[in-house]
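A structural walkthrough
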Amino acid sequence: MDRSWIIWLLVLSTTLQQILGQGSVFPAREFRGVWVATVANIDWPTSKYHTTAQQKQELDAIIEEVRQRHFNAIVFQIRSTGDAMYNSSLEPWSYYLTGHQGQAPSPYYDPLEYMIQKAHEVGIEVHAWFNPYRARSGSTSRTGLASNNMANRFPSHAYAYGNNLVMDPGAKEVQDFIVDVFSDVARRYDVDGMHMDDYFYPYPVSGQTFPDSSTYHRYQASSGTLSLADWRRENVNTLIQRLGIAIHSIKPYLKFGISPFGIWKAGHPSGIHGLSSYDSLFADSQLWLRQGWVDYLAPQLYWAIDPPAQSYPALLQWWVQQNDQHRHIYAGNSLSKIESKHWGSQEIINQIKISRNLRANESLGNIQFSMRYLQSNTQGISDAFQSIYISRTLTPAMPWLSVPTPLTPSITVTGNTLTWAKDSSGHTWRVLVYTQTADAFELHDLLHNEHTSTHVTDGEYAVTAIARNGVESQVMYIQVVGGVNSNLVG
């Protein structure tokens, strides 16, 4: 006897986003990210002398590990020292990719393009991670730098400081160029987000003064009245504002995030001691969050729960209190401390639980540093994530990123297959299929708009379309059971 189906379809009058509140039967959104560092071959590629095939295999392994552990975002370092892990007409291929700055991989491929394609196939976001001002790491020599490295493009604004070559954040030519680099990636690559780390003005080097006096004196000669410290902070503030405007003007849905040093100022909150990023790095990260210049902030809270001088929960509680514009907070966790400080994996799990307890205050996820510890399962940390990232979920929606909300897919059922028409409007990024388990729904399929069908078995399902900002359409519920008649109900 032919198998037939009873189908129940119901479109709600509210969007799924509006019903994802307390007690929702749909899975809670959470940003589950991991940093993949390329500088000094920390995470990838593990050797700059690996072949293209070996590098691709390593990328595949990273994506598969992320997928298996139910993470949903990779923060991929594509520009660490004025170079590129992608095909750029502005900057040279990375030394860490091929062993020679400016040399393309052979056989040719584009690592960023490859990462995006493979990660998106399994529903993982890719955030392109940039270091803005560092031109060389671990050396102050220009020997071996490509002609289009920033230090050679703007030689009068490249300074030897500590063991690095660092660009002058006060030089407008440098700032303009950085905005161009970000804009180029935003235009040409299908990334989900643009991300900056904690290196603004460089971390202080004992016995050295950052040599930007000539730039500051030019500012003063043009009637500038700010103190040196305030001028430096204003230079960074201006870049942050410009980047956010540029990125969103190119693609309104692109997420702009920064992961600053976890302490804004010593004494904030009371009892916290340590380096002040406001005074030492000239990074007024509190201002960026309060003004809504970023879509998410990922403060690097690389301390344990207990120490009072640098307390993970105390700092996270302070950060969420600064969030006047209700942006997202994704606390940065340090997997490396499991090894270097002998934390044990439970410390990280407990930190994620603390983050979740502040969900009502927009603490909506975590980013782990870094991928190598996840892949090596250091102190059992990868296994431990199975206890807290139990099933797949989506990254949180950002409704302030103004893009149209897609229409609900119109579902038909043939045999054991759900089908729908492709959304030609361009508003749909993914089609989501949830399956009911007990009295809740779990993510069953996350399908690109190019896909127009999925396999199902008997059960109850919910289907939505999702836009690039994470906002979902109205919900269609479907009940599929074996039987001899086919009826449409509701």
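Look a little higher up for the structure.
One structure accompanies this document, and this report is about it. All chains use their own residue numbering, which begins from 1 and follows the written sequence. The model is predicted, so local features are restricted to residues of pLDDT at least 70 and side-chain atom pairs to those at 80 or more, both for listing and for counting; the totals for chains, interfaces and linings are taken over all residues. With hydrogens and water stripped out, all remaining heavy atoms of the structure feed into the side-chain values.

1. Details of the nonpolar core
Side-chain atoms within 4.5 Å link the members of a nonpolar core, which is a set of buried Ala, Val, Leu, Ile, Met, Phe, Trp, Tyr and Cys residues. Relative accessible area decides the class of each residue, using a 1.4 Å probe on protein chains only: under 20% of the type maximum gives buried, over 50% gives exposed, and in between gives partly exposed. Ranked by internal contacts, the top residues of the largest apolar core, which has 108 residues, are Ile74, Phe76, Leu112, Met194, Ile240 and Phe385. Any two residues having at least one pair of non-hydrogen atoms within 4.5 Å are treated as being in contact. Sequence-distant contacts of phenylalanine 76, defined by excluding residues within four places in its chain, comprise Val36, Thr38, Trp44, Leu59, Pro111, Leu112, Met115, Val126, His127, Ala128 and Trp129.

2. As for the pairing of strand E4 (residues 125-130)
The secondary structure listing takes helices from DSSP runs of H or I that are at least 4 residues long and strands from runs of E that are at least 2 residues long, numbered from the N terminus. Burial runs high along E4: 6 of the 6 residues are buried. Summarising the sheet, strand E3 (residues 73-79) and E4 pair through 6 bridges and their orientation is parallel. Within E4, the residue paired with glutamine 77 across the bridge is tryptophan 129. Pairs of strands are assigned from DSSP output, requiring at least two bridges between the strands. Examined bridge by bridge, E4 and strand E8 (residues 193-196) share 4 bridges and lie parallel to one another. For alanine 128, the partnering residue across the bridge sits in E8 and is methionine 194.

3. Quick word on the side chain of asparagine 235
Here asparagine 235 is to be found in helix H8 (residues 228-250). Here asparagine 235 is in contact with Pro169, Gly170, Gln175 and Tyr201, once residues within four sequence places are set aside.

4. Quick notes on empty space enclosed by the protein
Cavities and pockets are defined on a 1 Å grid built over the protein atoms alone: a cavity is a set of grid points where a 1.4 Å probe fits but cannot escape, while a pocket is an open set with protein on both sides within 12 Å along at least five of seven lines, and lining residues are those with an atom within 4 Å of any such point. Grid points are joined across faces, edges and corners, and a volume is the space filled by probe spheres set on the points. Within this structure, the stated rule accounts for 1 cavity of 30 Å³ or more. Space inside the largest cavity adds up to approximately 210 Å³. Grouping the constituent residues of the lining of the largest cavity by class yields 6 nonpolar, 6 polar and 6 charged. Under the grouping applied here, Gly and all other residues not named as nonpolar or charged are polar, the nonpolar ones being Ala, Val, Leu, Ile, Met, Phe, Trp, Tyr, Cys and Pro and the charged ones Asp, Glu, Lys and Arg.

5. Considering the sheet that holds strand E10 (residues 296-297)
Two pairing modes exist for strands in a sheet, parallel and antiparallel, and in both the strands are linked by backbone hydrogen bonds. The 8 strands are arranged E2-E3-E4-E8-E9-E10-E11-E12 in a closed barrel whose pairing can be described as parallel. Note on method: axes are straight lines fitted to C-alpha atoms, helices fitted across the in-contact stretch only, with angles between N-to-C directions ranging 0 to 180 degrees. Against the sheet, helix H2 (residues 52-68) engages strand E2 (31-36) and E3, with an angle of about 150° to E3.

6. Things to note about the packing of helix H6 (residues 172-188) against H8
The angle between the axes and the distance between the axes are what describe a pair of packed helices. Interhelical geometry of H6 versus H8 gives an angle of 25° and a closest axis separation of 10 Å. Considered as vectors, H6 and H8 are oriented roughly parallel to each other. Relative to H8, H6 is oriented so that their crossing is right-handed. Every residue of H8 that contacts H6 at Gln175, Asp176, Ile178, Val179, Phe182, Ser183, Ala186 and Arg187 is listed here: Asn235, Thr238, Leu239, Arg242, Leu243, Ala246, Ile247 and Ile250. Taken together, the residues of the contact of H6 with H8 break down into 9 nonpolar, 4 polar and 3 charged. Each angle is binned into one of four classes, with values under 35 degrees roughly parallel, values over 145 roughly antiparallel, values of 65 to 115 roughly perpendicular, and all other values oblique. Crossing handedness is read from the near helix: turned anticlockwise from the far helix by less than a right angle, it gives a left-handed crossing, and turned clockwise, a right-handed one.

7. Digging into the packing of aromatic side chains
Here a Phe, Tyr or Trp ring, Trp counted by its six-membered ring, pairs with any other such ring whose centre lies within 6.5 Å, and the pair is stacked when the planes are under 30 degrees apart, edge-to-face when over 60, and tilted otherwise. Inspection of the entire model under this criterion finds 33 aromatic pairs. Ring geometry for tyrosine 199 and tyrosine 203: centres 5.5 Å apart, planes at 70°, overall edge-to-face. Among the residues examined, tyrosine 199 registers a relative accessible area of 34% and is labelled partly exposed. Since its relative accessible area comes to 23%, tyrosine 203 is described here as partly exposed.

8. Regarding helix H11 (residues 312-321)
All of the buried residues along H11 are Tyr312, Leu315, Leu316, Trp318, Trp319 and Val320. In this structure, the buried residues of H11 make contact with helix H10 (285-291), E10, strand E11 (328-334), helix H13 (345-357) and strand E12 (363-369).

9. Brief notes about unusual backbone geometry
Omega for the bond connecting tryptophan 44 with proline 45 falls within 30 degrees of zero, at -20°, which places this linkage in the cis form. By the element assignment, proline 45 lies in the loop between E2 and H2. Of the consecutive residues histidine 268 and proline 269, the connecting peptide bond is found in the cis state with omega at 0°. Mapped onto the secondary structure, proline 269 falls in the loop between strand E9 (255-258) and helix H9 (277-281). Within the chain, asparagine 41 stands out as a residue other than glycine whose phi angle is a positive 55°.

10. Some details on the sheet that holds strand E7 (residues 164-167)
Read across the sheet, 3 strands follow the order E5-E7-E6 without closing on themselves; strand pairing throughout is antiparallel. Only two strands of the sheet have a single partner each, and these edge strands are strand E5 (134-136) and strand E6 (158-161). Strand-to-strand twist across the sheet, computed as the mean angle between neighbouring axes with direction ignored, equals 35°. Two elements, E5 and E7, share 2 bridges in a ladder whose sense is antiparallel. Directly across from arginine 136, in E7, lies its bridge partner leucine 165.

11. Here we look at the side chain of aspartate 423
For aspartate 423, the location among the structural elements is in the loop between strand E14 (417-419) and strand E15 (430-437). Residues counted as positive are Lys and Arg, residues counted as negative are Asp and Glu, and His and the chain ends are not counted. Any carboxyl oxygen of Asp or Glu that lies within 4 Å of a side-chain nitrogen of Lys or Arg is treated as forming a salt bridge with it. The buried charged residue aspartate 423 lacks any salt bridge, with lysine 422 as its nearest oppositely charged partner at 9.2 Å. Not counting residues within four places of it along the chain, the set of residues in contact with aspartate 423 comprises Pro406, Thr428 and Asn449.

12. Some details on the pattern of salt bridges
Considering all chains together, one arrives at 17 salt bridges under this definition. Salt-bridge contacts for arginine 32 lead to glutamate 30; the nearest nitrogen and oxygen are separated by 2.9 Å. No difference in accessibility class separates arginine 32 from glutamate 30, as the two residues are buried. Put simply, arginine 67 and glutamate 64 hold a salt bridge, and the shortest N to O gap is 2.6 Å. Separated by 3 residues within a single helix, arginine 67 and glutamate 64 lie in helix H2, roughly one turn from each other. Given a relative accessible area of 35%, arginine 67 falls into the partly exposed group. One network of salt bridges, in which partners are shared, links Glu30, Arg32 and Arg356.

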